[in-house]
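# Structural features, examined
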Amino acid sequence: MIHPLLTEIGYREPLPSLSTRKIPMRSRTSCRGFVPVWLASEQWWRRVVFESQLELMFIQLILSQGNVYDIWEQPPAVRYVKENGKSAQHYFDFLITWMDGSKTAWAVKPFELVQRREFDQEIALIASQTPKSFADEVSLFTDAGFQRYDAVNAARFQQFSKSPDPAADDAVAAQTSVLEGSTTIARIVEQTGMSGRAYRAVVRAVFRGDLRQIKGGLIDYPTLVKRGVAQC
């Protein structure tokens, strides 16, 4: 396996965050930090900061889709006019540029807060005044929109993708190519003889579409999988 930050000329740091709003790293009420993310726009890693565990899960889930070109946390504020006629500004949590060039501005908020503050109505008002030059669409992401195991799976995929392991990927691909019906991840791992390396390769194969879970849930050793569309 290759360390993700090693190049032909040695170690290279991730690029700095592009956040336009300074985020205090210390908080008594929320999880804060940064995660190194490989971006197609940079062809390298960049530090992406987050202000909560929900934001971290958003980052991992959105990146696992495989079609993110760039991710910008806390982009420049968007100005809008409130219903009372007063001018205001809003910092979206993330601005995602997709591989096709389109952009989506995301507000990431706990569902309880959205309900209590009627934030869905506020973000709809902001969306109606967000210029297309900033984003093609506006979306709201809450913890009611996904299962926790989906976030865990995405986090594992991001972690397992940081260090390429072609030998393990090839070993899993060989088992997948002759797979008929369904089997457990444990069985595939056992047949490769590569233990944890094979498990990590299986997770990568699931997210690529080479393997498919029989039903939703945590991608773990007892999980039943079958050949995916990419193999058919």
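What you are looking at is a predicted structure, and each value in this text was computed from that prediction instead of being measured. (Residues numbered from 1 in each chain as written. Predicted model: local features only at pLDDT ≥ 70, side-chain atom pairs only at ≥ 80, totals over all residues. Heavy atoms only, no water.)

### Here's the deal with the nonpolar core
Membership of the largest hydrophobic core comes to 24 residues, with the highest contact counts inside it found for Phe 58, Ile 59, Ile 62, Ile 71, Phe 94 and Ile 96. Within the residue set of this core, elements represented by two or more residues are strand E3 (33–39), strand E4 (44–50), helix H1 (53–63), strand E5 (68–73), strand E8 (94–98), strand E9 (103–108) and helix H4 (148–161). Ranked by the residues each element gives to this core, the list is headed by H1, at eight residues. Residues in contact with Phe 58, not counting those within four places in the same chain, are Phe 94, Ile 96, Trp 106, Val 108 and Phe 141. Within the second largest apolar cluster, 20 residues are counted, among which are Ala 168, Val 172, Tyr 199 and Val 206. (Core = buried A, V, L, I, M, F, W, Y, C linked by side-chain atoms within 4.5 Å. Buried < 20%, exposed > 50% of the residue type's maximum accessible area, 1.4 Å probe, protein only. Helix = DSSP H or I, 4+ residues; strand = E, 2+ residues; numbered from the N terminus. Contact = heavy atoms within 4.5 Å.)

### Here we look at the side chain of Asp 165
With respect to the secondary-structure elements, Asp 165 resides in the loop between H4 and helix H5 (166–177). Reaching out from Asp 165, the side chain makes a polar contact with the side chain of Arg 197 at a distance of 2.8 Å. (Polar contact = N/O pair within 3.5 Å; in protein donor to acceptor, adjacent residues only side chain to side chain.)

### Re the pattern of salt bridges
On inspection of all chains with the given rule, the structure shows ten salt bridges. One salt bridge in this structure joins Arg 21 and Glu 51, with 2.7 Å as the shortest N-O distance. In this pair, Arg 21 is assigned in the loop between strand E2 (10–11) and E3 and Glu 51 in the loop between E4 and H1, connecting sequence segments 30 residues apart. A salt bridge links Arg 204 to Asp 169; its shortest N-O distance comes to 2.9 Å. In this pair, Arg 204 sits in helix H7 (residues 195–208) while Asp 169 sits in helix H5, placing the two residues 35 residues apart along the sequence. (Salt bridge = Lys/Arg side-chain N within 4 Å of Asp/Glu carboxyl O.)

### Quick notes on the sheet that holds strand E10 (residues 137–141)
Spatially, E5-E8-E9-E10 is the arrangement adopted by the four strands of the open sheet, whose pairing is mixed. Two strands in the sheet have a free side with no partner beyond their single neighbour: E5 and E10. Shown here is a sheet whose adjacent strand axes are inclined to one another by a mean of 25°, direction ignored. Pairing geometry for E8 and E9, over four bridges, is antiparallel. Bridge pairing in E9 places Ile 96 opposite Thr 104. Strand contacts of helix H3 (residues 119–129): E9 and E10, with the helix running at about 165° to E10, the strand carrying the most contacts. (Pairing = 2+ DSSP bridges. Axes fitted to C-alpha atoms, helices over the stretch in contact; angles between N-to-C directions.)

### Considering the side chain of Lys 109
Within the secondary structure layout, Lys 109 lies in the loop between E9 and helix H2 (111–117). In terms of polar contacts, Lys 109 uses its side chain to reach the side chain of Asp 93, at 3.0 Å. The contact partners of Lys 109, leaving out residues within four places of it in the chain, are Leu 54, Asp 93, Val 114, Phe 119, Phe 141, Thr 142 and Asp 143.

### Brief notes about a nonpolar patch on the surface
A surface patch of nonpolar side chains, about 200 Å² in accessible area, is lined by Tyr 149, Val 152 and Leu 218. In this structure, Tyr 149 sits in helix H4. (Patch = residues over 30% accessible without salt bridge, like charges linked within 9 Å, V, L, I, M, F, W, Y side chains within 5 Å. Areas by Shrake-Rupley, 256 points an atom, 1.4 Å probe, with all protein chains shown as cover.)

### Quick word on the packing of H4 against H7
One way to put it is that H4 packs onto H7 with a least axis distance of 9 Å and a crossing angle of 115°. As the angle between them shows, H4 and H7 are arranged roughly perpendicular. Considering the relative orientation of H4 and H7, their crossing is left-handed. On H7, the residues touching Asn 153, Ala 154, Arg 156, Phe 157, Phe 160 and Ser 161 of H4 are Tyr 199, Arg 200, Val 203, Arg 204 and Phe 207. Among the residues forming the contact of H4 with H7, the class breakdown is six nonpolar, two polar and three charged. (Parallel < 35°, antiparallel > 145°, perpendicular 65-115°, else oblique. Left-handed = near helix turned anticlockwise from the far one by under 90°. Nonpolar A, V, L, I, M, F, W, Y, C, P; charged D, E, K, R; others polar.)

Read these as layout, nothing more, since geometry by itself doesn't imply function.
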